[in-house]
Protein chains: 2
Amino acid sequence: MATDVVIGIDIGGTNTAYAVVDRSGTLACESSVPTRGYRSPEEFVAAVSERMRESLKGLGQSVTLRGVGIGAPNANYYNGTIEFAPNLEWKGVIKMAGLFAGHFPVPAAITNDANAAAIGEMLFGGARGMKDFIVITLGTGLGSGIVAGGQLVYGHDGFAGEIGHTIVDPDGRQCGCGRRGCLETYASASGIKRTVFELLATSNLPSELREVAFTGLTAAMVSDAALRGDPLALEAFEHTGRLLGLKLADAVAHTSPEAIFLFGGLANAGELIFKPTQRWMEEYMLNIFKNKVKLLPSGLKDKNVAVLGAAALIWNELKNG
Amino acid sequence: MATDVVIGIDIGGTNTAYAVVDRSGTLACESSVPTRGYRSPEEFVAAVSERMRESLKGLGQSVTLRGVGIGAPNANYYNGTIEFAPNLEWKGVIKMAGLFAGHFPVPAAITNDANAAAIGEMLFGGARGMKDFIVITLGTGLGSGIVAGGQLVYGHDGFAGEIGHTIVDPDGRQCGCGRRGCLETYASASGIKRTVFELLATSNLPSELREVAFTGLTAAMVSDAALRGDPLALEAFEHTGRLLGLKLADAVAHTSPEAIFLFGGLANAGELIFKPTQRWMEEYMLNIFKNKVKLLPSGLKDKNVAVLGAAALIWNELKNG
C-alpha cells in the first residue's frame, strides 16, 4: 500500500526549502532552491513544482501526495496569499496557495512561519497533546503562533499572533513597522544587539563588545561573550529576559497557555535567555498563573522546523476534515 | 409542545439574580435573592433552587428545563467551581455547578461574569455571526472574555481572558492582585477615579472635582462633570482612553478580533470613553490591523446581561454537544 505524504515548503527571502513529509513527520527529499531570480511568482512556482515532481517520481509508486503546505512571511491563511512581504521580490498580493494547487491536484494551504512552527510543534514536537500553547520565534524579529483550545488562532483577518508587535513602551525604540517600542525591538537577535549598544552607552560595565562596531555585532557574539562571563553581555540578556518576560506574562493573561516554546536564533543561547525570561515572566504574572506555565525549547530542534511546520499545516487540515 | 428553557444565574457579592431564559434569549421570571446570610454554599443553593422550582412551576407544563448556567466571580469553567472569590462569603473552592446539578436533573455549567457576557453577546447580542471578538467589562475592575474561531478561550486552566491584569507599567499603580500597573488600575470605574486624583495633583486644570473627597467620588460624577465640559474630567477620560487603547492594540495583536465590545459602568459614559479609546487604539495598532477593528457598545444594553450571559453559557454547551 502507498504511503500518504505531503510536500512542506518554506519560502524565505533568499532560499525556498522543501521536503516530502509523511504522517509521522519524517522528512525525505530535503532540498532548496533560490527564491530570487524568477520573472514572476508563476515562474517561480512552475520551476519549484517541476523539481518537486522529480523528487516524488524518485519515490516511485510507494507514495501518494495528499497536499501541499507552505510557510512564508506575511502569509494569510484565509486568503491563501502572501501579502506585501517586504523581504520578497514580488510585491502586492500573491495567491501562492492557488499557484501550487494549479500544479498539484491536491489541497494547498499557506500560513506564516511562526504559525507553521506552532502547528509543527503540536503535531510532531513538544506540544503533542497540548491544547493551549504559544510558540515564539526569536529571529531577526519576533514571530508568534498561538494555539487555543487545540486550534491555531488566526483571528478575523488571518493575521492573529503578532506578539512581536505588542508594545513595551510607546516612546521606545523605532520598529520596522513604523511604530515605537514593539517587543521585537527588544527581544530578538537585532533587539539584543540594540540593548548591548544601549548598555555600552549608559553603563561603565567592562566588555569585550566595546571593540565591536554596530554593523559587525551579531547575537551569537553576545551569547559567546556572555558564556565567557562578559558582564555587559550578561546584563543584555537580563534586560532582554525582563522585557520578554513582561510581555509573555501579558500573553498568558490573554490565552492562559500550558507552555510557551522559545525557538530560533536567540533561543539557541539556552539558559542565557531562558533563565531571565522565566524568572521575570513569573515575577510579572498574575497569581493564578504563577508556577503553571512551562517555558520550553522547541521539541523539533534537530529538524528543519520551517519545512516540517509547513507540512504539519496541511496534515492538520487533512485531519480536521 | 413544551418550550425548552434554561435557568441563568448571576452570583454577585451582594445579590444573586436569576431568570428563566428561552432559546431566543427572552427572559421570564426575573428575580433576585441576597447572596449573603446562608450558613454554607449548600444552604444557599438549596434555597435558590427552591425558589427557581417555584418559578418553573408557575410556567406550568409549557416549559422543559434543559440546563442551568451560572456566572460568578473567580469561576472556573473546567472545574465547575468558584475558587477563592474575594467578594463572596464562602472561602476556598466551591463546587457550584455540581451543587445546582444536584437540585436539577440537567447539565449545569459555570464561568466568570466577563466570559458569560461574551457568550451572551455571541448568542443574543452584537456579536451574533462573529467568530472573533473580545468583550471588555469596565466595572470596579476590568474583566474580559475572548472568543477566537467561534470558541470562548478558556486556556489550559480555565482562567484565560484576564486582560485587566495585563501590565501598563510595572512600576505603576498598586493593584488589588498584589502587583503594580495592571490595566484595571487605570481603565475601570476605580481607575478613572485614581486618574482624576492624579490629575488634581499634577495639573492646574480647573475642576469642580477639586471639591470632592476621594471616598466620595464616583465614575458617574466624573462623567457628569465631563459632560458639563469640566477640563480635568475630560482629561481623565483622555488618559483612560489612551491606556485602554494601548492595551487593546496589544490584545488585537494576540487574537485579531473583528470587534471589541465595551460594557459596564464606565462604558455607559458613551463617547466620552469610546472616542479616546478608539483613537488611541488606532494610533497604537500595527498597520495590518488599522481601521479594521470595531469598538462597539454591548448589543444587550436593555437586558440583564449577567443573567442572559449565564443562560447563554449553557445554551452554547447544548448547541455544541
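For clarity, every value in this text was computed on a predicted model and none was experimentally measured.

Caption draft 1: Quick look at the overall build of chain A. Tallying secondary structure elements over chain A gives eight helices and 13 strands in all. Rg of the C-alpha trace for chain A: 20 Å, near the compact-globule value of 20 Å for 321 residues, within the 12% margin. Projected onto the principal axes, the alpha-carbon positions of chain A cover approximately 65 × 45 × 35 Å. The buried share of chain A, reckoned over its 321 residues, is 53%. Within chain A, residue pairs in contact and separated by at least 24 positions form 65% of the contacts whose partners lie at least 6 positions apart.

Caption draft 2: Focus on the relation of the copies chain A and chain B. It takes a turn of 180° to lay chain A on chain B, together with a shift of 0.0 Å along the axis; the resulting RMSD is 0.0 Å. Here the copies are linked by what is in effect a two-fold axis.

Caption draft 3: How the structure looks around the sheet that holds strand β5 (residues 75–76) of chain B. The strand order across the open sheet formed by three strands is β5-β6-β7 (chain B), and the pairing between neighbours is antiparallel. The outermost strands of the open sheet, each flanked by one partner alone, are β5 and β7 (93–94) of chain B.

Caption draft 4: Highlighting the interface of chain A and chain B. Across the contact, 35 residues belong to chain A and 35 residues belong to chain B. Looking at the side of chain A that touches chain B, the elements that each hand over two or more residues are β10 (142–148) and α6 (231–255) of chain A. The biggest single contributor to the side of chain A that touches chain B is α6 of chain A, with seven residues.

Caption draft 5: Seen up close, unusual backbone geometry. All names here are of chain B. The phi dihedral of Cys29 is positive, around 55°, even though this residue is not glycine. Along the chain, Cys29 turns up in strand β3 (residues 27–34). Overall, Cys29 belongs to the partly exposed group, with 18 C-beta atoms counted inside 10 Å. Phi at Asn74 is positive, roughly 55°, even though this residue is not glycine. For Asn74, the location among the structural elements is in the loop between β4 (63–71) and β5. Overall, the presence of 18 C-beta atoms within 10 Å leaves Asn74 in the partly exposed class.

Caption draft 6: Representation of helix α1 (residues 41–59) of chain B. Residue and element names in this part refer to chain B. With 19 residues, α1 ought to run about 27 Å at 1.5 Å a step, and its terminal C-alpha atoms sit 27 Å apart, in line with that. For α1, the complete set of buried residues consists of Phe44, Val45, Val48 and Met52. When α1 is viewed along its axis, its buried side chains cluster within an angular range of 85° and face the same direction. More than 90 degrees from the buried face of α1, the exposed residues found are Glu43, Glu50, Glu54 and Lys57. Buried positions along α1 lie against β1 (3–11), β2 (15–22), β3 and α2 (96–103).

Caption draft 7: The arrangement of the domain arrangement of chain A in detail. Residue and element names in this part refer to chain A. Taken domain by domain, chain A holds domain 1 (3–120 + 303–320) and domain 2 (130–297). The distance between the C-alpha centroids of domain 1 and domain 2 comes to 28 Å. The element that contributes the greatest number of residues to the side of domain 1 that touches domain 2 is helix α3 (residues 113–124), accounting for six residues. Along the lines of polarity and charge, the residues of the side of domain 1 that touches domain 2 split into six nonpolar, four polar and one charged.

Caption draft 8: Up close: the sheet that holds β3 of chain B. All names here are of chain B. The strand order β3-β2-β1-β4-β8 describes an open sheet built from five strands, whose pairing is mixed. Two strands in the sheet have a free side with no partner beyond their single neighbour: β3 and β8 (108–111). Neighbour to neighbour, the strand axes of the sheet diverge by 20° on average, direction disregarded. Pairing between β4 and β8: four bridges, direction parallel. Residue pairing across strands places Gly71 opposite Thr111, the latter belonging to β8. Lying over the sheet, helix α8 (residues 305–320) contacts β1, β2, β3, β4 and β8, oriented at roughly 115° with respect to β4.

Cut-offs applied
- Residues numbered from 1 in each chain as written.
- Chains lettered and ligands numbered in written order.
- Predicted model: local features only at pLDDT ≥ 70, side-chain atom pairs only at ≥ 80, totals over all residues.
- Helix = DSSP H or I, 4+ residues; strand = E, 2+ residues; numbered from the N terminus.
- Rg over C-alpha atoms; globule rule 2.2 N^0.38 Å.
- Buried ≥ 20, exposed ≤ 12 C-beta atoms within 10 Å, placed from the backbone.
- Contact = placed C-beta atoms within 7 Å.
- Least-squares fit on C-alpha atoms with pLDDT ≥ 70 in both.
- Pairing = 2+ DSSP bridges.
- Expected span 1.5 Å × (residues − 1).
- Arc of directions from axis to C-beta.
- Domains from an automatic or database assignment.
- Nonpolar A, V, L, I, M, F, W, Y, C, P; charged D, E, K, R; others polar.
- Axes fitted to C-alpha atoms, helices over the stretch in contact; angles between N-to-C directions.

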